[in-house]
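# Survey of secondary and tertiary structure
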Amino acid sequence: MMMTTSRFISVSIRNVRTKSQLSSLSNKKNELSIRNPFSTSNNGGGNEKDLKNGEDTEDFPGLTTMPNKKLFMWGTNKNGVIPFDENESSGDPNATTATSGGGTTGGLLNMGGGKVIYEPQEIDVCNAFGIDNKTVTIRNIVCGPSSTAAILSNDTCFHFGENKSGQLGHSDRSNTHTTPQMIDPPVSSSLVFDEISQISPGSNFSAIIDKKGDLYTFGYDGSVLQNGIGCLGLGYLSGDDGDTTSSSSASSGKDANSSYRSMPTLVTSLIEDGVIATQVAVGASHMAVLTDEGEVLTTGAGAYGRCGNLDPIDQLFLEPVELLSSGSEKISQVAAGKDFTLVLDTEGVVSAFGRNHKGQCGTGSGLGVEMYAMEAMPIAVDGMLEGRNVVKIAAGHSHGAAITDVGELFFWGMGVALAPESVSNLGHVKIVDVCCGKDYTIALDSEGHVYSFGNGRTGVLGLGDKQKNSKAPVLIGAFKGMKVTGLSAGWDHVACLVEE
């Protein structure tokens, strides 16, 4: 499809709400909203219905009992990204500096101390998210660079961790939210609190796709004096509507010419062009969106080829990556690292663009000592992937990974591999999922076993405090006898879902 260039603010019919709909939504929030029982605020107003004690589902005819899902997390618990009571988790006498063990955690007294958890810990999801884990469970867990998001089976979303730029979407820019809090826009917003389909948490800003395929962004839009602007895709934000204040800018290390949105804001340019978003991936200062027509759109800082259109000028709106749009194959997946993007087409071919100083694009042309190395437009990631059918891609801070249709795992980047290399140690199993963090990788096989390798000084390998680094994949023994069904990696923390 062709994106129009007009940027007149308009309202799509799919975003119009009548007075009766607004009233119905308000009542729905008051009656059915499941909130964190430890929260002292109630943005939605009214009485809250708490299901965490397993109340009769006959009061909620739309709810059915679902398989329980356990949540395990480990790594560095900075800014409250891991929601557990650090004082009661393991009984380790060294718990003031690090915790180790696989026991179930206690309450929610997390103060974001930055402690290292070297082995997977089970999180009490009933306390953390105020659910019974039967009628409402965790559908997806997403670890961002410095925050964690959980989308529940009722399509609500909790987001917690660092918030210096308003990237949690809670209408404030406090430094942290150390207990899980539901994203709860006011009823006047076009985003409905229980219609959230996807979230991509970032270090400076985040993005949401709702069930209608509309895109919302929030957080730091960038700076003309630092890393570029436009990553929210909202056009030019003035100081007033961008919530810029000199005091908050100074305290967060941002300059006075930067702009913010602390509440999820609809990207109206996509509405104008009739675009339905299906996937979103955010980097530190750029964003990539996949549409239902298989087109990739980018916005944000143009330096180092982040937007994939050769031009180093910042983009304020989402625009097509022209080289991908002109090809015959549609794109099926998109993933973003700190300053680069990976895309996968329907033929199983991976392409990359953006910064490549550590080989994170996998094109073989980057050099670990060349700080300005980049791919200014999409380039095929060939090498050992050539002729193979890739079905899954992942991007971390400065490396990427891919899984083929026969379960082979490849990775590149981190200044270690400039082109894809096979993880031959896992050749005896079929890998079905992979996620990348900051210089480490987590992989899942078809039997539900989890493997880790890379730099684990922050506890992310989950192998205990005696093995903090591993060049080769190692089975995480804490999940023996369990079947892991989903995983996610942030820069310094990891989460896994386990089905009972």
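Structure report, in brief.

Procedures and definitions
- Residues numbered from 1 in each chain as written.
- Predicted model: local features only at pLDDT ≥ 70, side-chain atom pairs only at ≥ 80, totals over all residues.
- Heavy atoms only, no water.
- Pairing = 2+ DSSP bridges.
- Helix = DSSP H or I, 4+ residues; strand = E, 2+ residues; numbered from the N terminus.
- Axes fitted to C-alpha atoms, helices over the stretch in contact; angles between N-to-C directions.
- Contact = heavy atoms within 4.5 Å.
- Buried < 20%, exposed > 50% of the residue type's maximum accessible area, 1.4 Å probe, protein only.
- Phe/Tyr/Trp six-rings, centres within 6.5 Å; stacked < 30°, edge-to-face > 60°.
- Patch = residues over 30% accessible without salt bridge, like charges linked within 9 Å, V, L, I, M, F, W, Y side chains within 5 Å.
- Areas by Shrake-Rupley, 256 points an atom, 1.4 Å probe, with all protein chains shown as cover.
- Salt bridge = Lys/Arg side-chain N within 4 Å of Asp/Glu carboxyl O.
- Polar contact = N/O pair within 3.5 Å; in protein donor to acceptor, adjacent residues only side chain to side chain.

## Observations regarding the sheet that holds strand β20 (residues 374-380)
- The four strands are arranged β17-β18-β19-β20 in an open sheet whose pairing can be described as antiparallel. Looking at the sheet topology across the chains shown, the edges are occupied by β17 (331-336) and β20. Neighbour to neighbour, the strand axes of the sheet diverge by 10 degrees on average, direction disregarded.

## Regarding the sheet that holds strand β6 (residues 157-162)
- What the four strands build is an open sheet, ordered β4-β5-β6-β7; its pairing is antiparallel. With one partner strand each, in any of the chains shown, β4 (138-143) and β7 (176-182) form the two edges of the open sheet. Across the sheet, the mean angle separating the axes of adjacent strands is 10 degrees when strand polarity is ignored.
- Examined bridge by bridge, strand β5 (residues 147-152) and β6 share five bridges and lie antiparallel to one another. Each bridged residue has a counterpart across the sheet, and for Ile-151 the counterpart in β6 is Cys-157.

## Notes on the environment of Cys-436
- With respect to the helices, strands and loops of the structure, Cys-436 is situated in strand β25 (residues 431-436).
- On a C-alpha basis, the gap between Cys-436 and Gly-454 in space is 9.9 Å, while along the polypeptide they are 18 residues apart.
- For Cys-436, the contacting residues outside a window of four places in its chain are Ala-394, Ala-395, Gly-396, His-399, Gly-400, Ala-401, Thr-441 and Ala-489.

## Re the pairing of strand β9 (residues 205-210)
- In terms of residue burial, β9 counts as a mostly covered element, since six of its six residues are buried.
- Residues Phe-205, Ala-207 and Ile-209 line one face of β9 and the alternating positions Ser-206, Ile-208 and Asp-210 line the opposite face, and both faces are buried.
- Alignment of strand β8 (residues 196-200) against β9, held across four bridges, turns out to be antiparallel. Note that in β9 the partner of Gln-198 across the bridge is Ile-209.
- Between β8 and β9, which pair antiparallel one after the other, the connecting turn spans four residues.

## Side note on the packing of aromatic side chains
- For the coordinates displayed, the defined rule picks out six aromatic pairs.
- Ring geometry for Phe-129 and Phe-160: centres 6.2 Å apart, planes at 50 degrees, overall tilted. With Phe-129 in helix α2 (residues 125-129) and Phe-160 in strand β6, this pair connects stretches of sequence that are 31 residues apart. Here Phe-129 and Phe-160 have matching classes, each one buried.
- On the basis of an interplanar angle of 75 degrees and a centroid distance of 5.7 Å, the ring pair of Phe-411 and Phe-453 is categorised as edge-to-face. Of this pair, Phe-411 sits in strand β23 (residues 409-413) while Phe-453 sits in strand β27 (residues 450-455), placing them 42 residues apart in sequence. Each member of the pair Phe-411 and Phe-453 is classed as buried.
- Put simply, the rings of Phe-72, Trp-74 and Phe-479 pair up and form one aromatic cluster.

## Re a nonpolar patch on the surface
- Nonpolar side chains collect at one region of the surface, where Leu-310, Leu-323 and Met-377 lie side by side and expose about 270 Å² of accessible area between them.
- In this fold, Met-377 is placed in strand β20.

## Here's the deal with the environment of Leu-270
- Secondary-structure assignment places Leu-270 in helix α4 (residues 268-272).
- Separated by 55 residues in sequence, Leu-270 and Leu-215 place their C-alpha atoms 7.8 Å apart.

## Observations concerning the side chain of Thr-217
- Within the element layout of this structure, Thr-217 appears in strand β10 (residues 215-223).
- A relative accessible area of 0% places Thr-217 in the buried class.
- Among the polar contacts made by the side chain of Thr-217, one reaches the main-chain carbonyl oxygen of Leu-232 at a distance of 2.9 Å.
- When sequence neighbours within four positions are dropped, the list of residues in contact with Thr-217 reads Ser-206, Ala-207, Leu-232, Leu-234, Met-263, Pro-264, Thr-265, Val-267 and Met-287.

## Description of the pairing of β23
- Buried residues dominate β23, accounting for five of its five residues.
- Side chains of β23 alternate between two faces, with Leu-409, Phe-411 and Gly-413 and Phe-410 and Trp-412 buried alike.
- With five bridges joining them, strand β22 (residues 399-404) and β23 adopt antiparallel strand pairing. Bridge pairing links Ala-401 to Phe-411 in β23.
- Following β22, the chain reverses through four residues before pairing antiparallel with β23; Gly-407 in that reversal takes a positive phi of roughly 85 degrees.
- Where β23 meets strand β24 (residues 417-422), three bridges bridge the pair, whose relative direction is antiparallel. The residue of β24 that forms the bridge with Gly-413 is Ala-417.
- Adjacent in sequence and paired antiparallel, β23 and β24 are bridged by three residues, among which Met-414 carries a positive phi angle near 65 degrees.

## Examining the side chain of Gln-333
- Along the chain, the position of Gln-333 falls in strand β17.
- In this structure Gln-333 comes out as buried when scored by relative accessible area, which is 18%.
- Polar side-chain contacts of Gln-333 include one of 3.3 Å to the backbone nitrogen of Ile-393.
- Those residues in contact with Gln-333 that lie beyond four places of it in its chain are Gln-279, Leu-290, Leu-342, Val-343, Leu-344, Val-391, Lys-392 and Ile-393.

## With respect to unusual backbone geometry
- The backbone of Asn-79 sits at a positive phi, close to 60 degrees, despite the residue not being glycine.
- Note on placement: Asn-79 falls in the loop between β1 (69-78) and β2 (98-99).
- Of note, Asn-133 is a non-glycine position whose phi angle comes to about 60 degrees, a positive value.
- Among the structural elements, Asn-133 can be located in the loop between α2 and β4.
- Asn-133 sits in the buried class, given a relative accessible area of 8%.

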